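Summary of the model geometry
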Amino acid sequence: MKQAIDAVIVPDCFISNHEGFLGSIKNFIEDFVVTEIDIDGQQVNTAASTEGRASSGRDNKACAEYKDGHSSASQDAEVSVDWGVDAPLSNIGTFDLGVILGQSVSEELEHFVLTLRDKNPTELELSLGSFADKHQRANVHRAVRHRFPFLMTVTIQPEIRVREDPDYRELSQLVKDDEAEDFFRFIDAKVRGSSYTFRPDDNKEHRTAVHHFLNRRFGKLVETKSFNDQGRTSISVRLRERGRPKKRSSEERKDEEVYTAFTLCKENLETLEAISYMAAALGVLPSDFTYAGIKDKRAITYQSMVVKKVSPQRLKEKSEELQRKGMRLSRVRSVSEPLRLGRLQGNHFDLVVRDLRPHGATDSDSSNANLRSRLVALVKEAVENVKTRGFVNYYGPQRFGSSQSVQSDRVGLALLKEDMGSAVRLFFTPEEGDDPQNQAKRYFLQTNNAKESLALMPLSKPRERLMLRALNRYGTGPDGCTQAWLSLPHSTRVFYPHAYCSRVWNEAVAHRLTTLGHSVRKGDLVWMQDGRKPLENPGEIHVVTDEEEENGVYTLEQVLLPMPGNTVRYPENSMRSWYMDRLAHDGLANCRFRVSSLKLNLPGCYRPMLAKLHNLRYQLQRTGSGESGGALMGERKQNSDSLLLTLNFDLHSSCYATICLREIMKCDL
């Protein structure tokens, strides 16, 4: 079933017509090694790498894209927000209280939060335990306030206790709960020059009451004013330029300015999972780590990172502890600023494809000498073809959550249609199996009981728990479902509509190649810039003329297709009507690609139809009976006398190595 789903999401349309062959990847963890290539073109695990300089550069306004479905910061910056915070707050999407506090205390805290609505809050208080290390205490204070802005944390050294914040309770009686939470996050973030805008309120007496409360409780820190926009009046709150809750010492200011860069090597770990472990060990928040891109889990990966408020010496002291978790740190050094998402040229891959055999061959055929000679010819033809012509630049199955029963693009379609209830139910569709996560999902769909489902959901599933907590608080109706989606970080919410748009793009490129062929046609959009540098402005996109088609001015490698959005232009040939029909088929004929209730805006972007691999080297060899491959990851038994293929190549960022292999082998992996 999984293969059938993947085949639809990644069409069987290729740029080359060779036969291909069968094989298996990721049998051993050493079979898939990914090394980030920094902005200067150096691999980050080499001494010559200079990625740690982490200079900001210009924002990529075209649509920088990242593997595993993580969207670019430049897209986040273009979100249209009618109310809320006008400056980015700390990203808590990777935060795990289970790591910071321990599972038992974290569960007690979850239960405590649920009981706040049932009992007299003035009599409720919870101890989180004792924390001797001041860095750890600071981490606990910040983490709890970030996750639960309606709580206040009090230190009775070395113990930390929590209770409901009376200021929050008073404000929540004047405005909606989600506004009160967002306001307290805004206050805690203390981003200089930032502001927070409450929802429009046309009741002057009510606005006066809100003004009085804010000035009474936070007057030294903020200033408030009412303003009129399109006939509606709202209250805006801005941090005073000189307003600070306390004066920081020179030592604290010095700690805030410390940035340490390092190269992280991880095995069989997700990037965000590794960050959670490191944050807990160092006593900082996950949001204190910055990186250029997300890397595969089922692989050995090398990537550059920068951590704030941790000295190189302190990081080195934790190296041995982190190594026990499957992480190795190298090239630890001081830098002047954090790393930026997308600040990389691409990735280098060292891959091994095992158990090679022609299409249609059986395991018993592998020892046939004639068949082996044919297989060698097939492999050479396939690799050389892709080396010369490139491969169709599809989004890989991981972009759509291919291990899930319900693909992420279906959730994204429901969000674009603003059907929040359906999107929630799709999100909680269980997979096969009876593990705690799927038990909790089934229970929610069967009973609609978010509170009991939350108790069943493992602490290791922060997205599901955030949504269940919101559903329990706001209900499971349309408004409650909207609040559930708003409980997720923006980068997580926008992933689902992006998955839908990525699926449309995959279908578009297959249709373009099938109907218009493998040459540039009149009306195609082409890239006026050589190489693979990011598009800086729409003026670099050109529509091919009749004369240019006849003279063969452009190559297929320069042809772009748009990912749907509200700022892109579509090809001026039959592909334009295809896009319109495809969106109309899904009920999006009049879609603005903006979901205001979720603060989502999808401007769209342009993606080259073809991608090319660089610095390719490959070698065929026979599997030796005494070969040791390390930790076994796959299920297929290895033939001791079969052929294996090693591949080494570079890809630009946002290109998928598995899609490149798929074009070479002509099979799903």
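Conventions used here
- Within each chain, residue numbers correspond to sequence positions counted from 1 in written order.
- Whole-chain, interface and lining totals are the exception, using all residues; otherwise, since this is a predicted model, local features are given only for residues with pLDDT of at least 70 and side-chain atom pairs are given and counted only at 80 or more.
- For side-chain calculations, the full set of non-hydrogen atoms in the structure is used, while hydrogens and water are omitted.
- To qualify as a helix, a DSSP run of H or I must reach at least 4 residues; to qualify as a strand, a run of E must reach at least 2; elements of each kind are numbered from the N terminus.
- Relative accessible area decides the class of each residue, using a 1.4 Å probe on protein chains only: under 20% of the type maximum gives buried, over 50% gives exposed, and in between gives partly exposed.
- By the convention used here, residues are in contact when the closest approach between their heavy atoms is within 4.5 Å.
- Note: two strands are recorded as paired if DSSP finds a minimum of 2 bridges between them.
- Stacked, tilted and edge-to-face are the three classes assigned to paired rings of Phe, Tyr and Trp, where Trp is represented by its six-membered ring and a pair needs centres within 6.5 Å; plane angles under 30 degrees give stacked, over 60 edge-to-face, the rest tilted.
- Comment: the charge-over-ring label is applied if NZ (Lys) or CZ (Arg) is within 6 Å of the ring centre and within 35 degrees of the ring normal.
- Given the number of residues in a helix, its expected span is that number minus one, multiplied by 1.5 Å.
- Here, the arc refers to the directions that run from the helix axis to the C-beta atoms.
- Inter-axis angles, ranging from 0 to 180 degrees, are taken between N-to-C directions of lines fitted to C-alpha atoms, where helices are fitted over the stretch in contact.
- Criterion for a salt bridge: a side-chain nitrogen of Lys or Arg within 4 Å of a carboxyl oxygen of Asp or Glu.
- In this text, buried Ala, Val, Leu, Ile, Met, Phe, Trp, Tyr and Cys residues form a nonpolar core when linked through side-chain atoms within 4.5 Å.

When you go through the chain residue by residue, the secondary structure sums to 23 helices and 24 strands. Burial status across the chain gives 53% buried among its 669 residues. If you take every contact in the chain between residues at least 6 apart in sequence, the share linking residues at least 24 apart comes to 74%.

Among the 12 residues in strand 14 (residues 346-357), 11 count as buried, and that is most of the element. With three bridges joining them, strand 1 (residues 22-25) and strand 14 adopt antiparallel strand pairing. Residue pairing for strand 14: isoleucine 25 is matched across the bridge by valine 353. As judged from the six bridges shared by strand 2 (residues 32-37) and strand 14, these two strands associate in the antiparallel manner. Each bridged residue has a counterpart across the sheet, and for threonine 35 the counterpart in strand 14 is histidine 348. Bridge count between strand 14 and strand 24 (residues 643-652): eight bridges; the pairing is antiparallel.

This part is about the packing of aromatic side chains. Working definition: an aromatic ring pair is given by the centre-to-centre distance plus the angle between the planes. Tallied over the full model, the rule gives 23 aromatic pairs. Geometrically, the ring pair formed by phenylalanine 150 and tyrosine 168 is tilted, given 5.5 Å between the ring centres and 45° between the ring planes. Placement of phenylalanine 150 in the loop between helix 5 (134-147) and strand 5 (151-156) and of tyrosine 168 in helix 6 (residues 166-172) is noted, with a sequence separation of 18 residues between them. For the pair formed by phenylalanine 150 and tyrosine 168, the shared burial category is buried. We note arginine 607 situated over the ring of tryptophan 505; from NZ or CZ to the ring centre the distance is 5.5 Å.

Moving on: helix 13 (residues 369-389). The end-to-end C-alpha distance of helix 13 is 30 Å, a good match for the 30 Å that 21 residues give at a rise of 1.5 Å each. Of all the residues in helix 13, the buried ones are Leu371, Arg372, Leu375, Leu378, Val379, Ala382, Val383 and Val386. For helix 13, the angular spread of the buried residues around the axis is 120°, confining them to a single face. What points out from helix 13, more than 90 degrees from its buried face, is the exposed set Ala369, Asn370, Lys380 and Thr388. Next to the buried residues of helix 13 lie strand 14, strand 15 (391-392), strand 23 (614-622), strand 24 and helix 23 (657-665). Of the residues trailing helix 13, glycine 390 is marked for its positive phi of about 85°.

With that settled, consider the sheet that holds strand 17 (residues 541-543). Taken together, four strands build an open sheet; the order of strands is 17-16-18-21 and the sheet is antiparallel. Looking at strand neighbours, the two that pair on one side only are strand 17 and strand 21 (605-608), the edges of this open sheet. Taking each pair of neighbouring strands and ignoring which way they run, the sheet shows an average axis angle of 50°. Both strand 16 (residues 525-527) and strand 17 contribute to a ladder of three bridges, which runs antiparallel. Along strand 17, the bridge assignment pairs valine 526 with histidine 542. Seen against the sheet, helix 20 (residues 490-516) touches strand 18 (559-563) and strand 21 and runs at an angle of roughly 145° to strand 18.

Before going further, it helps to examine the pattern of salt bridges. One pass over the full model with this rule turns up 32 salt bridges. Residues arginine 473 and aspartate 177 are paired through a salt bridge, measuring 3.6 Å at the closest nitrogen-oxygen approach. In this pair, arginine 473 is assigned in helix 18 (residues 462-474) and aspartate 177 in helix 7 (residues 177-189), connecting sequence segments 296 residues apart. Assessed through its relative accessible area of 26%, aspartate 177 is described here as partly exposed. Residue lysine 599 is joined to aspartate 182 by a salt bridge in which the shortest nitrogen-to-oxygen separation is 3.9 Å. You can see lysine 599 sitting in the loop between strand 19 (594-595) and strand 20 (600-601) and its partner aspartate 182 sitting in helix 7, a full 417 residues away along the chain. The residues lysine 599 and aspartate 182 share a single accessibility class, namely buried. Linked through salt bridges whose partners overlap, the residues forming this network are Asp177, Glu181, Asp182, Arg185, Arg473 and Lys599.

What follows deals with unusual backbone geometry. With phi around 55°, glutamate 418 is a residue other than glycine that occupies positive phi space. A relative accessible area of 43% places glutamate 418 in the partly exposed class. The phi torsion at lysine 599 lies on the positive side, around 60°, for a residue other than glycine.

With that settled, consider the nonpolar core. Where a protein is soluble and globular, its nonpolar side chains tend to be buried together. Ranked by size, the top nonpolar core spans 109 residues in total, and within it Phe21, Phe428, Leu471, Trp485, Tyr579 and Phe649 carry the most contacts. Beyond its immediate sequence surroundings of up to four residues, leucine 471 is in contact with Val424, Phe428, Phe444, Ala450, Thr476, Gly480, Cys481 and Ala484. Judged by nonpolar contacts, the second largest core, of 40 residues, contains Leu97, Val162, Phe183 and Phe198.

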